[in-house]
Amino acid sequence: MTQHDRLLIIDFGSQVTQLIARRLRELNVYCEIHPYQKVDDAFLDAFAPKAVIFSGGPDSVMRPGSPRPPKSVYELGVPILGICYGQQVMMQDLGGTVEAGEHATAEFGRAYVEPAGRSDDFLFGWFLEGREQVWMSHGDHVAALAPGFEVLGTSPGAPFAIAADPARRFYAVQFHPEVHHTPNGRTLYENFVRLAGFTGDWTMEAYRDEAIRLIREQVGDKKVICGLSGGVDSSVAAVLIHEAIGENLTCVFVDHGLLRHNEADEVVAMFRDHYNIPLIHAEESELFLGALEGVSDPEEKRKTIGRLFIDVFQKYAGGIEGAEFLAQGTLYPDVIESVSFSGGPSVTIKSHHNVGGLPEKMGLKLVEPLRELFKDEVRALGHELGLPASFIGRHPFPGPGLAIRCPGEITREKLAILRKADAVYIDQIRRHGLYDEIWQAFVAILPVRTVGVMGDGRTYDFACALRAVTSVDGMTADYYPFSHEFLGETATRIINEVKGINRVTYDITSKPPGTIEWE
């Protein structure tokens, strides 16, 4: 996207680095994330950023060999914002002092920063009218500022929580303005990009046009087979690729026997009736369920499903002459939890079916046009592509499907019970007008049976857990605060209408420490 001014985010390994990019995209600023080890003098010359942001990271700047940006970044003459580890590395590079964290100076979670020093700074003027809530996550802290910097804000564990060298337009904060727990973080980014002179000309319309161009450049006149799950992500990817290469795209919808109630019929009807995109309905439930028989480990489930997906794609690709590419609806939250983005140093949390278990010699090259987007951006792109609003607004559904909502061993009996319970739960949410308030809702069937009483008889059936969360980007989430009346009504319906369940619970775990899905 060379026609846009570009902001460079140098990644030092924070789990939330991509949230920085997301905040900037909300401001219609084009940015790219690149790991520190790939950013050298030649890269900076070629990239020509209009501004630079240093991300946070898990390392300590006092460790020999710890991550550093190239010294030349400070000579570019552009605004730089250092965040958390980025603040510390900036101070140490420019002549300040960083000290190892102790219990009294470490800060994790909500904190409050008090104003200090001048109150007319352009970047932090929003902040200096009084105490401001921020989100901290640091052990080490800056003990002395580099020459030219002045303190603008302090917190109990960070005497230089906000620092600035306005003459050079260098700014540094110990907290994370990118997370939603820093309520005024967006204003900080707005001020920073305005100070840097960005005009905000990057939009989903621009992204669509650029993605189409890149797909055409990558694919040429070759054929693409798209792994269509029926969810929003793969569907938007399919429509986008179809807009780029037309009939050279064939979608393969893999019915792995792990879909929700009536989902396979709905997906096939939508794509064949509305989009005129060639679609192969691959009914492979016996293959998947057979391979998963006796498997209870969640990582083994995911990797088994991922491997079989690729096997099925290869099988059907063999009948499509000239098929050289496999398209997937991979999103950034999939990537950040599976493998460090762009080779950076972040930590693996869990595998995802569409990025884990890919064989090195799969025979098809990958096309992943949504790989750097969050879910809300994909929905905006779907609107831009003309997909129905009712479809775009559907809750996320994982590629491994009900397999990861069935902890322990998967059986056909448990899947049938789970489908019915999930259908009742979602119907309840829609009846109460809550569907659009919730990011994701589903039922998990638990690997235990409990004693119950129905009528005059004793039952010994499965327990299930209801899950509903609110979120903006899927990286963090809170449970939805249903009323007790709703939960009681829903539990009664499930127990009365779903044979095989006699106990209903509600999961009130946030993310973190939990994940949204149970496996």
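Refer to the preceding data block for the structure.
The structure presented is a predicted model; accordingly, all values stated were derived computationally and were not measured. (Residues numbered from 1 in each chain as written. Predicted model: local features only at pLDDT ≥ 70, side-chain atom pairs only at ≥ 80, totals over all residues. Heavy atoms only, no water.)

Participant: For this particular structure, what's the right way to read the packing of aromatic side chains?
Facilitator: Applying the stated criterion to the full structure yields 15 aromatic pairs. Between F12 and F54, the aromatic rings sit 5.9 Å apart at their centres with planes inclined by 85 degrees, giving edge-to-face as the arrangement. Highlighted residues: F12 in the loop between β1 (7-11) and α1 (17-26) and F54 in strand β3 (residues 51-54), separated in sequence by 42 residues. With respect to class, F12 is no different from F54; both count as buried. Between W202 and Y207 the ring centres are 5.9 Å apart and the planes differ by 90 degrees, which places this aromatic pair in the edge-to-face class. This pair shows no difference in class: W202 is buried, exactly as Y207 is. Here a set of aromatic residues connected by ring pairs shows up, and it is made of F12, Y36, F54, Y74, Y85 and F170. A cation over a ring is seen here: R379 above W439, with NZ or CZ 5.7 Å from the ring centre. (Phe/Tyr/Trp six-rings, centres within 6.5 Å; stacked < 30°, edge-to-face > 60°. Helix = DSSP H or I, 4+ residues; strand = E, 2+ residues; numbered from the N terminus. Buried < 20%, exposed > 50% of the residue type's maximum accessible area, 1.4 Å probe, protein only. Lys NZ or Arg CZ within 6 Å of the ring centre and 35° of its normal.)

Participant: Could you clarify how one ought to interpret unusual backbone geometry in this entry?
Facilitator: Glycine aside, residues mostly have negative phi, and peptide bonds are mostly found in the trans state. Put simply, K511 and P512 share a cis peptide bond, and its omega is -15 degrees. Mapped onto the secondary structure, P512 falls in the segment after β20 (501-506). With an omega of 15 degrees, the peptide bond between P512 and P513 qualifies as cis. Along the chain, P513 turns up in the segment after β20. Of note in this structure, A48 is not a glycine but carries a positive phi near 50 degrees. As for its placement among the helices and strands, A48 is situated in the loop between α2 (41-47) and β3. Even without being a glycine, R169 presents a positive backbone phi close to 60 degrees. With respect to the helices, strands and loops of the structure, R169 is situated in the loop between β10 (158-165) and β11 (170-173).

Participant: Before we go on, may I ask you to explain the sheet that holds strand β13 (residues 249-255) in this structure?
Facilitator: Sheet strands pair via backbone hydrogen bonds, and the direction of the pair is either parallel or antiparallel. The strand order β14-β13-β12-β15-β16 describes an open sheet built from 5 strands, whose pairing is parallel. Where the open sheet ends on each side, the last strands, each with one partner, are β14 (279-283) and β16 (365-367). Taking each pair of neighbouring strands and ignoring which way they run, the sheet shows an average axis angle of 30 degrees. By the bridge criterion, 5 bridges tie β13 to β14 in an arrangement that is parallel. Each residue of the ladder has a partner; that of C251, found in β14, is L279. Sitting on the sheet, helix α6 (residues 232-245) is in contact with β12 (223-228), β13, β15 (323-327) and β16, with an inclination near 165 degrees to β12. Each of β12, β13 and β14 is contacted by helix α7 (residues 263-275), which is oriented at about 165 degrees to β14, the strand it contacts most. (Pairing = 2+ DSSP bridges. Axes fitted to C-alpha atoms, helices over the stretch in contact; angles between N-to-C directions. Contact = heavy atoms within 4.5 Å.)

Participant: Would you mind showing me how to read the pattern of salt bridges here?
Facilitator: When charged atoms on two side chains of opposite charge get close, those side chains can pair. Applying the stated criterion across every chain yields a total of 31 salt bridges. Between E263 and R394 there is a salt bridge; the shortest N-O distance is 3.1 Å. On the criterion of sequence distance, the pair formed by E263 in helix α7 and R394 in the loop between α12 (389-392) and α13 (412-431) is long-range, its members being 131 residues apart. Here E263 matches R394 in class, with each residue buried. Between R493 and E497 there is a salt bridge, with its nearest N and O atoms 2.8 Å apart. Here R493 and its partner E497 are both found in helix α14 (residues 484-497), 4 residues apart, which amounts to about one turn of the helix. The buried category is assigned to R493, whose relative accessible area is 15%. One network of salt bridges, in which partners are shared, links R22, R23, E26, R186, E190 and D376. (Salt bridge = Lys/Arg side-chain N within 4 Å of Asp/Glu carboxyl O.)

Participant: Explain helix α4 (residues 185-196) here, please?
Facilitator: Residues that lie three or four places apart on an α-helix share one face, since the helix turns once every 3.6 residues. If you check α4, its first and last C-alpha atoms are 17 Å apart, about what 12 residues at 1.5 Å a residue would give, namely 16 Å. Where α4 is concerned, the buried positions are G185, L188, Y189, N191, F192, V193, L195 and A196. Where α4 is buried, its residues touch β1, α1, β3, β4 (80-83) and β11. After α4 finishes, the residue G197 shows a positive phi value of roughly 90 degrees. (Expected span 1.5 Å × (residues − 1).)

Participant: How do you make sense of the pairing of β13 when you look at a structure like this?
Facilitator: Side-chain positions along a regular strand alternate between the two faces of the sheet. The buried count for β13 comes to 7 of 7 residues, which makes it a mostly enclosed element. Neither face of β13 is open: one carries L249, C251, F253 and D255, the other T250, V252 and V254, and all of them are buried. When β12 meets β13, the two strands line up parallel, connected through 5 bridges. When the sheet's bridge partners are listed, C226 is paired in β13 with C251. Between β12 and its parallel partner β13, the chain crosses via α6, and the hand of that crossover is right-handed. Taken together, β13, α7 and β14 constitute a β-α-β crossover, and its handedness is right-handed. (Right-handed = clockwise from strand over helix to strand, strands pointing away.)

Participant: Is there a simple way to explain the pairing of β11 in this structure?
Facilitator: Across the two faces of β11 the burial is the same, with F170 and A172 and Y171 and V173 all buried. The pairing of β4 with β11 spans 4 bridges and is classified as parallel. Paired with I83 across the bridge in β11 is V173. Bridge count for β10 against β11 is 4 bridges, and the pairing is antiparallel. Looking across to β11, one finds that A164 is bridged to Y171.

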